[in-house]
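Notes for the structure review
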Number of protein chains: 2
Amino acid sequence: MKKEVTIVGAGLVGSLLSIYLSKRGYKVSIFERRPDMRTAAISAGKSINLALSDRGIKALEEVGVMEEIRKIAIPMHGRFLHNADGSTAYQPYGKKGQFINSVSRGELNKKLMDLAEQHGVEIFFNKKCENVDWNKSEITFEDQTNFQLLTFNFQLLFGSDGAFSAARLAHQLQHDRFQYQQYYIDYGYKELQIPGGEQGEFSLEKNALHIWPRGNYMLIALPNVDGSFTCTLFFPFEGDPSFASLDSAEKVAAFFKTTFTDAYELMPTLTADFFTNPSSSLVTVKCFPWIREDKFALIGDAAHAIVPFFGQGMNCGFEDCSVLNDLIDEYSENWEKILTVYQQLRKPDGDAIAELALNNFVEMRDKVAGPTFLLQKKIEAAFSEKHPGKWLPAYAQVTFSPQIRYSEALKNSIWQEAIMQQVMALPGIENNWQSDEVEQKMLELIG
Amino acid sequence: MKKEVTIVGAGLVGSLLSIYLSKRGYKVSIFERRPDMRTAAISAGKSINLALSDRGIKALEEVGVMEEIRKIAIPMHGRFLHNADGSTAYQPYGKKGQFINSVSRGELNKKLMDLAEQHGVEIFFNKKCENVDWNKSEITFEDQTNFQLLTFNFQLLFGSDGAFSAARLAHQLQHDRFQYQQYYIDYGYKELQIPGGEQGEFSLEKNALHIWPRGNYMLIALPNVDGSFTCTLFFPFEGDPSFASLDSAEKVAAFFKTTFTDAYELMPTLTADFFTNPSSSLVTVKCFPWIREDKFALIGDAAHAIVPFFGQGMNCGFEDCSVLNDLIDEYSENWEKILTVYQQLRKPDGDAIAELALNNFVEMRDKVAGPTFLLQKKIEAAFSEKHPGKWLPAYAQVTFSPQIRYSEALKNSIWQEAIMQQVMALPGIENNWQSDEVEQKMLELIG
């Protein structure tokens, strides 16, 4: 019977996992490469605000920490679009009362670490994973303060150390026929800021996710509790315009003034931020297997790094923890069985959300601004309202329906898109979309 | 103006590339990890005989070495099928006079090394690529005899060191946003032998590629000049039957006796070979970019490792050399331009042959034995004979038509398959396939 758990990485998923397991009575130790972000100054400027939604919330509720987290979360009920012509538009994310939550990555991570420690978890910082001896069940870390090597025995090891996981590398290097794929899109992202007002007031609509869709690229802004917005520019690395072409403060200012006029006026530190903050890359990582016998599993981004365009990276990692926790009950601490079924369930779901997230980039930066897209969403919403058992929009399946697996949501979304293409091709659809004929046609297509 | 070329890997592609370049006046050095296979005993038992076809032949002719190679090549005019029920069948590969060539990998490699040295190429053995400093244009090798590190400056470097290329790793580790995928199929392969007769006679039809298709797996045999056949079993790693399940000499003998009866009788060393020779894996590697400025390129398997089921791995690597050579003429030794266009041309072709090769496994091990497949091939061959400008079977495009790019052949094959599915669905096609109606229908479908 395993009593001790070792976790590599004290990020969002590692911290949450440690709470789940310590609550079950395991003695949990986390080893984290970076210093403690609660006391040390960590290099900032690389963060995209998180969109915490129902899958993540379900997991946080299961370990009883959601109340704490709600205090630092701001509900976002829809997309607030800032069009190139200066017009704006608003698209609710779901039905009335459904929303996603803007959360600062740093604040959430600190809170989860605090809660982990309150549950008895020990977190060791500045410990870089160097090597794993799978036969001896030993893991070696390099202490980043004195460069000493430290070797520990483990009973059960989790790699929750992100897209560039060192635990995964140690696994991969000693594994025959390891399936591995890293795929970078040609776009990067850069964090920018819209400060809050003097009394902490919001200078844009507070309870929305703001998008400036511009076809090939976009700017987004998510609210923070202090009245500021964390903005992210998703932008090509090369070409015109691109991170490469905007190579002076003048060019940046001129470009933003013309392209994101209303945002530009709210960004006093734009050019400084632009050249201080890095341009970060966006990678999708797929691999297999995620586990080794009864003693190792990858979880979160380390198993399935995805692009951020569906707001599901953290939510998916938190759901990994929740699924794992259910399996511990189901298979009564038989870890070989638990890990085997965990992988069987989560690998197809990780692949599915990776695909959904890549597809959503085109939707967010381009389609979202077009009248056809808006009409299609209106038709879907109206039909779903009238026939809730027959149609749930794909976004709602992914975001507000933890009972639907990502792999099911992907399948459903492909099927729905095929139907909607036929509906949108009906003559005069832009005028008669609320007619009985269109409704009947949809019912017929659904079959 | 570059005068010196450094090549990592003295395999088939590295050796051929060195001949091309030394003939153009470059001073070429090759560094090879293994000892000289012409003098040292190299571990054997891992080879699949090569199927040299028109793309490879074109390249060998361009450097004037094809006459030498022809002496060690055995023409194979078609597939000789050994069915499970004991019946046999023969499928020509192309039109009369078209054939592919069985060549021993070891013999071909030795001959290419000899020819390279005759052209002034220097080959340094036991030199393992350890690291590349891209800024200083320095490459470091570890001598495998005394473990000394040796560092050399390079002007122009090629990585032709195979699927697990060390040069590619050095490139990848110092490259932002490197696209990389390694994909293993669930099957491995094992080399086996059918010896020649006492007077060097062949115990199976000499001028054919023999296949024992068995649905989920297959055995193949290619002739050697000494009357023997090199056999390869393509077989699942796990399941029943698999490399894992055949774990005793008795089980291997019983399985072969039942499953490959006629071959079994010709394999006196079967069980010894089975447990002496390794079960090797089959990987597809895709990556991007293949080049760095004007000073580095990946070539052959290092750029695009593929599975062997279309017999195109070596042919594709040789074609890389031929395309590169044409570009040196076209861009008058401007290596930045040469490498850029080389990558633009060859990346889509490498991706295409990777896909064609994976698809062909199902064809060889399964479909090839079915009456529908045989009928379809007959219809295609007859139509192609009558309308040569309108239809060239996909196999012939890939194998006998170096003027058609792999990427074109893949597109054409998808289009042809869609047409043939409609043709094969015509009522009574098995009886009326030679009728005017069917011919007219095909002409109509081609449009």
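Given the structure is predicted, the values throughout are model-derived calculations rather than measurements.

Quick look at the nonpolar core now. Counting 150 residues, the largest nonpolar core has A:Phe158, A:Trp335, B:Phe158 and B:Trp335 as the members making the most contacts within it. Once residues within four sequence positions are removed from consideration, A:Phe158 is found in contact with A:Val5, A:Thr6, A:Ile7, A:Val8, A:Leu17, A:Leu21, A:Phe296, A:Ala297, A:Leu324 and A:Trp335.

Residues and elements named next belong to chain B. Packing of helix H1 (residues 12-23) against helix H4 (residues 105-118) leaves a shortest axis separation of 9 Å and a crossing angle of 25 degrees. Classified by the angle their axes make, H1 and H4 are roughly parallel. The chirality of how H1 crosses H4 is left-handed. Here Leu12, Ser15, Ser18 and Ile19 of H1 lie close against H4, whose contacting residues are Arg105, Leu108, Asn109, Leu112, Met113, Leu115 and Ala116. When its residues are assigned to classes, the contact of H1 with H4 shows seven nonpolar, three polar and one charged.

With an RMSD of 0.0 Å, the operation that places chain B on chain A is a rotation of 180 degrees combined with a shift of 0.1 Å along the axis. Within this description, the copies of the chain are treated as partners about a two-fold rotation axis. If distances are taken from each C-alpha of chain B to the rotation axis, the shortest is found for B:Gln181, at 2.1 Å. A high fraction, 100%, of the interface residues of chain B reappear at the interface in chain A, so the copies pair face to face through one surface.

Contact with chain B, which involves twelve residues of that partner, is made by twelve residues of chain A. Approximately 1200 Å² of surface area, both sides summed, lies buried where chain B meets chain A, with 44% of it carried by carbon and sulfur atoms. Taken as a group, B:Arg177, B:Gln179 and B:Gln182 account for 49% of the area that chain B buries against chain A, more than any other trio of residues on that side. Along the contact surface separating chain B from chain A lie zero salt bridges. Here chain B and chain A share six residue pairs in polar contact (both at pLDDT 80 or more) between them.

Turning to the pattern of salt bridges, a few remarks are in order. Residue and element names in this part refer to chain A. By the definition in use, this model includes 54 salt bridges over all chains. A salt bridge links Lys128 to Glu130; the nearest nitrogen and oxygen atoms lie 3.0 Å apart. Taking relative accessible area as the criterion, Lys128 reaches 29% and is therefore assigned partly exposed. Judged by its relative accessible area of 39%, Glu130 is partly exposed. Put simply, Glu439 and Lys386 hold a salt bridge, and the shortest N to O gap is 2.9 Å. Residue Glu439 is found in helix H16 (residues 436-446), and its partner Lys386 is found in helix H12 (residues 371-386); the two are separated by 53 residues along the sequence. On the basis of relative accessible area, Glu439 is assigned to the buried category, the value being 16%.

Residues and elements named next belong to chain B. Running from amino to carboxyl end, helix H12 (residues 371-386) crosses helix H16 (residues 436-446) at an angle of 80 degrees, the nearest separation of the two axes being 12 Å. Relative to H16, the element H12 lies roughly perpendicular. Side by side, H12 and H16 meet where Ile379, Phe383 and Lys386 of the first sit next to Glu439, Met442, Leu443 and Ile446 of the second.

Moving on to the domain arrangement of chain A. Residues and elements named next belong to chain A. According to the domain assignment, chain A consists of domain 1 (4-43 + 106-182 + 284-360) and domain 2 (370-446). Summarising the inter-unit geometry, the C-alpha centres of domain 1 and domain 2 are found 37 Å apart. Listed by partner, the interface residues are 14 residues for domain 1 and nine residues for domain 2. By the criterion of area lost to domain 2, the three top residues of domain 1 are Phe310, Asp349 and Leu356, representing 46% of everything that side buries.

All names here are of chain B. One open sheet accounts for six strands, arranged S8-S2-S1-S12-S19-S18; its pairing is mixed. Each end of this open sheet is capped by a strand with a single partner; those strands are strand S8 (122-124) and strand S18 (291-292). With two bridges connecting them, S18 and strand S19 (residues 296-298) associate as antiparallel partners. Within S19, the position partnered with Arg292 by the bridge is Phe296. Here helix H5 (residues 166-173) sits on the sheet and contacts strand S1 (4-8), strand S12 (157-159), S18 and S19; the angle it forms with S19, its principal contact strand, is near 120 degrees.

Quick look at the sheet that holds strand S3 (residues 50-52) of chain A now. Residues and elements named next belong to chain A. Pairing within the open sheet is antiparallel, and its three strands lie in the order S3-S7-S4. At either margin of the open sheet sits one strand with a lone partner, and together these are S3 and strand S4 (74-76). Each strand of the sheet is rotated relative to its neighbour by a mean of 40 degrees, with strand direction disregarded. Pairing between S4 and strand S7 (residues 100-103): three bridges, direction antiparallel. Each residue of the ladder has a partner; that of Ile74, found in S7, is Ser102.

Residue and element names in this part refer to chain A. Counted residue by residue, strand S14 (residues 209-213) has five buried out of five residues, so it is predominantly covered. Side-chain alternation along S14 places Leu209, Ile211 and Pro213 on one buried face and His210 and Trp212 on a second face that is also buried. Here S14 pairs with strand S15 (residues 218-223) via four bridges, running antiparallel. Pairing of Pro213 across the sheet is with Met218, part of S15. Two successive antiparallel strands, S14 and S15, enclose a turn made up of four residues, where Gly215 displays a positive phi of approximately 80 degrees.

A word on the side chain of A:Arg365. Within the element layout of this structure, A:Arg365 appears in helix H11 (residues 335-365). Summary of buried charges: A:Arg365 has no salt-bridge partner, and the nearest side chain of opposite charge, A:Asp366, is 5.5 Å away.

A separate point is H4(B). Residues and elements named next belong to chain B. Its 14 residues place the ends of H4 20 Å apart at the C-alpha level, agreeing with the 20 Å of an ideal helix rising 1.5 Å per residue. Three or more residues of H4 are buried, namely Leu108, Asn109, Leu112, Met113, Leu115 and Ala116. Along H4, the residues classed as buried sweep out an arc of 165 degrees about the axis, all on the same side. Just past H4, the residue Gly120 takes up positive phi, approximately 95 degrees.

Cut-offs applied
Here the residue numbers are simple positions, counted from 1 along each chain's written sequence. Whichever chain is written first becomes A and whichever ligand is written first becomes 1, with later ones labelled in order. Totals for whole chains, interfaces and linings use every residue, but because this is a predicted model, local features are given only for residues with pLDDT of at least 70 and side-chain atom pairs only at 80 or more, for both listing and counting. As a rule here, side-chain values come from all non-hydrogen atoms in the structure, and water together with hydrogens is ignored. Here, the term nonpolar core denotes a set of buried Ala, Val, Leu, Ile, Met, Phe, Trp, Tyr and Cys residues that are joined through side-chain atoms within 4.5 Å. Note on exposure labels: buried denotes an accessible area under 20% of the residue type's maximum, exposed denotes more than 50%, and partly exposed covers the range between, all computed with a 1.4 Å probe on protein chains only. Working rule for contacts: check all heavy atoms of both residues, and any pair within 4.5 Å makes them a contact. For helices, the axis comes from a line fit to the C-alpha atoms of the stretch in contact; other axes are also lines fit to C-alpha atoms, and the angle between any two N-to-C directions lies between 0 and 180 degrees. Secondary structure follows DSSP: runs of H or I at least 4 residues long count as helices, runs of E at least 2 residues long count as strands, and numbering of each begins at the N terminus. Geometric relationships in this document are graded by angle, where less than 35 degrees denotes roughly parallel, more than 145 denotes roughly antiparallel, 65 to 115 denotes roughly perpendicular, and other angles denote oblique. Should the near helix be turned anticlockwise from the far one by less than a right angle, the crossing is termed left-handed; should it be turned clockwise, right-handed. Here the term charged refers only to Asp, Glu, Lys and Arg, the term nonpolar to Ala, Val, Leu, Ile, Met, Phe, Trp, Tyr, Cys and Pro, and the term polar to all other amino acids, Gly among them. Alignment of copies: least-squares fit on C-alpha atoms of residues with pLDDT of at least 70 in both copies. Defined in terms of a 1.4 Å probe, buried area is the accessible area two parts forfeit on being brought together, summed over both. By definition, a salt bridge exists where a carboxyl oxygen of Asp or Glu is found within 4 Å of a side-chain nitrogen of Lys or Arg. Here a polar contact is taken to be a pair of N or O atoms separated by no more than 3.5 Å, where protein atoms must pair a possible hydrogen donor with a possible acceptor and residues adjacent in sequence count only if both atoms sit in side chains. An automatic or database domain assignment is the source of the domain bounds shown. Paired strands, as defined in this entry, are two strands with at least two bridges between them according to DSSP. As used throughout, the charge tally considers Lys and Arg to be positive and Asp and Glu to be negative, leaving His and the chain termini uncounted. To estimate the expected span of a helix, subtract one from its residue number and multiply by 1.5 Å. What the arc covers is the set of directions going from the helix axis to the C-beta atoms.

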